[in-house]
Amino acid sequence: MPLPKIVSGPAYSAYESQLEKEVLSGLIPQHIAFIMDGNRRYAKEVLNAPTVEGHRLGKDKLNEVVHWCLELGIHHMTVYAFSTENFKRDPTEIDYIMELMEKSFYEFAEDKDVHSHHVAIKLIGDLELIPENVLKAADYAMERTKDYKDFTLNMAVAYGGRQDIANVVRQIAAKVRDGEIDVDDIDEDMIGSYISTGDIPDPDLILRTSGEMRISNFLLWQMAYSELYFTDVYWPGFRYIDFLRAIRTYQQRKRRYGA
Ligand code: FPP
């Protein structure tokens, strides 16, 4: 239920603490995937500022959300930072986002909470499309966190769900060609083990900000049984209370796996 506008300040934070308590007493999703949408609209409509300001705040929000997840005990996060389709944007905007991405990898690599929680940082996506400086930063973060097993932060860059599946098909086909496996050995578990996020459970919840109700080629294989949650808030404006509401909604839904 949306809060009446009049509720603010202490009443608001009391409501937030109450909601947090409620959420923590329920089933906490193990893996949440985020479609971080609405940076440009936030800049334009809320701040009346240039587009890049939305992206700058979007990067800060990602950092905040990762810390919320660690605090709540959400062990795996996958974030859609840049899709293959996003390469169609203006080159100046792409350069700016890639610079933010580079910074973000270095910052996560040094983050004390990343180390105290044992968060493994990973890059998923088409490495051939990613600029050298971003790959270098990602390698640095991955190398520094490669032995961690408790939490995962997957950064999806130059990522597409169909490309992810096509990649799996290519790898499995090569094994069949080389006589390492038989066609009849191919099953869902095998495909799942080759998919980019195959080392962690599939997302329990996929959350998209900005009011768009689409999946936009994100984690197509992995989302078979994921709960979907869409909120009207733009990504830079996404608050802790919005996040808690999303988790509460997830907890209230009955998860039946088609049974
Ligand atoms: C979504 O808003 C944002 C993107 C497609 C790309 C950039 C993502 C971020 C800056 C989030 C943080 C990630 C890092 C580390 C760079 P949009 O630009 O599609 O906004 P719109 O839907 O209002 O047009």
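Caption draft 1: A look at the site of the ligand. Close to the ligand lie 17 residues; Met-36, Asp-37, Arg-40, Arg-41 and Arg-89 are nearest. Between Asp-37 and the ligand, the recorded distance is 2.8 Å, taken from a side-chain N or O atom to an oxygen atom. Put simply, the parts of the chain that give the shell around the ligand at least two residues each are helix H2 (39-47), helix H3 (51-72) and helix H4 (91-110).

Caption draft 2: Highlighting the packing of H3 against H4. For the pair H3 and H4, the least separation of the axes is 10 Å and the interaxial angle reads 25°. It follows that H3 is roughly parallel to H4 by the angle criterion. In the packing of H3 onto H4, the handedness of the crossing is right-handed. Within the contact between the two elements, H3 uses Thr-51, Val-52, His-55, Arg-56, Lys-59, Leu-62, Asn-63 and Val-66 and H4 uses Glu-93, Tyr-96, Ile-97, Leu-100, Lys-103, Ser-104, Glu-107 and Phe-108. Grouping the constituent residues of the contact of H3 with H4 by class yields seven nonpolar, four polar and five charged.

Caption draft 3: Fine view of helix H7 (residues 161-177). Compared with an ideal rise of 1.5 Å per residue, which puts 17 residues at 24 Å, H7 spans 24 Å between its outermost C-alpha atoms and is within 8% of the ideal. Of the positions making up H7, those classed as buried are Gly-161, Asp-164, Val-168 and Ile-172. Along the axis of H7, the buried residues cluster in a sector spanning 65°; they form a single face. Within H7, the exposed residues directed more than 90 degrees away from the buried face are Arg-162, Val-169, Arg-170 and Arg-177.

Caption draft 4: Inspection of the nonpolar core at higher detail. Judged by nonpolar contacts, the single largest core of 53 residues is most densely connected at Phe-34, Met-101, Phe-105, Val-157 and Phe-243. Residues Ile-35, Ile-124, Ala-156 and Tyr-159 belong to the second largest nonpolar core, which totals eleven residues.

Caption draft 5: Fine view of the side chain of Asp-242. The residue Asp-242 is located in helix H9 (residues 240-252) in this model. Among all residues touching Asp-242, those that are not within four sequence positions of it are Val-233 and Gly-237.

Caption draft 6: Representation of the pattern of salt bridges. Per the counting criterion, the structure on display carries 21 salt bridges. For Asp-37, the salt bridge goes to Arg-41, with nearest N and O atoms at 3.5 Å. Between Asp-199 and Lys-122 there is a salt bridge, with its nearest N and O atoms 2.4 Å apart. Taken together, the residues span a long stretch of sequence, with Asp-199 in the loop between helix H8 (188-194) and strand S5 (205-208) and Lys-122 in strand S3 (residues 119-124) at a distance of 77 residues.

Caption draft 7: Focus on the sheet that holds S3. With parallel pairing, six strands are arranged side by side in an open sheet as S3-S4-S2-S1-S5-S6. Edge positions in the sheet fall to S3 and strand S6 (227-230), since each has one partner strand and no second. Shown here is a sheet whose adjacent strand axes are inclined to one another by a mean of 20°, direction ignored.

What counts and how
- Every chain begins its residue count from 1, and numbering advances along the sequence as written.
- This being a predicted model, a pLDDT of at least 70 is required before a residue's local features are given, and a value of 80 or more before pairs of side-chain atoms are given or counted; all residues contribute to the totals for chains, interfaces and linings.
- To get the side-chain values, all heavy atoms of the structure are used, and hydrogens and water are removed first.
- The nearness test applies per residue and asks whether one of its heavy atoms lies within 4 Å of the molecule or strand.
- Polar contacts, as used here, are pairs of N or O atoms within 3.5 Å; protein pairs need one atom able to donate a hydrogen and one able to accept it. Residues neighboring in sequence count only if both atoms are side-chain atoms.
- Each helix is a run of H or I in the DSSP string that is no shorter than four residues. Each strand is a run of E no shorter than two, and both are numbered from the N terminus.
- Convention adopted: a line fitted to C-alpha atoms gives each axis, helices being fitted over their contacting stretch, and angles between N-to-C directions are expressed from 0 to 180 degrees.
- An angle counts as roughly parallel when it lies under 35 degrees, as roughly antiparallel when it exceeds 145, as roughly perpendicular when it falls between 65 and 115, and as oblique in every other case.
- In this scheme the handedness of a crossing depends on how the near helix is turned from the far one: anticlockwise by less than a right angle means left-handed, clockwise means right-handed.
- Any two residues having at least one pair of non-hydrogen atoms within 4.5 Å are treated as being in contact.
- Gly is put with the polar residues, along with every residue not named as nonpolar or charged; the nonpolar set is Ala, Val, Leu, Ile, Met, Phe, Trp, Tyr, Cys and Pro, and the charged set is Asp, Glu, Lys and Arg.
- Between the first and last residue of a helix there are one fewer steps than residues, each counted as 1.5 Å, and that sum is the expected span.
- Burial classes: relative accessible area under 20% of the type maximum marks a residue as buried, over 50% as exposed, and values in between as partly exposed (1.4 Å probe, protein chains only).
- Working note: the arc is built from the helix axis to C-beta atom directions.
- The set of buried Ala, Val, Leu, Ile, Met, Phe, Trp, Tyr and Cys residues whose side-chain atoms join them within 4.5 Å is what this entry labels a nonpolar core.
- Throughout this description, the term salt bridge denotes a Lys or Arg side-chain nitrogen within 4 Å of a carboxyl oxygen of Asp or Glu.
- Strands pair, by our definition, only if DSSP identifies at least two bridges between them.

Geometry only, nothing functional implied.
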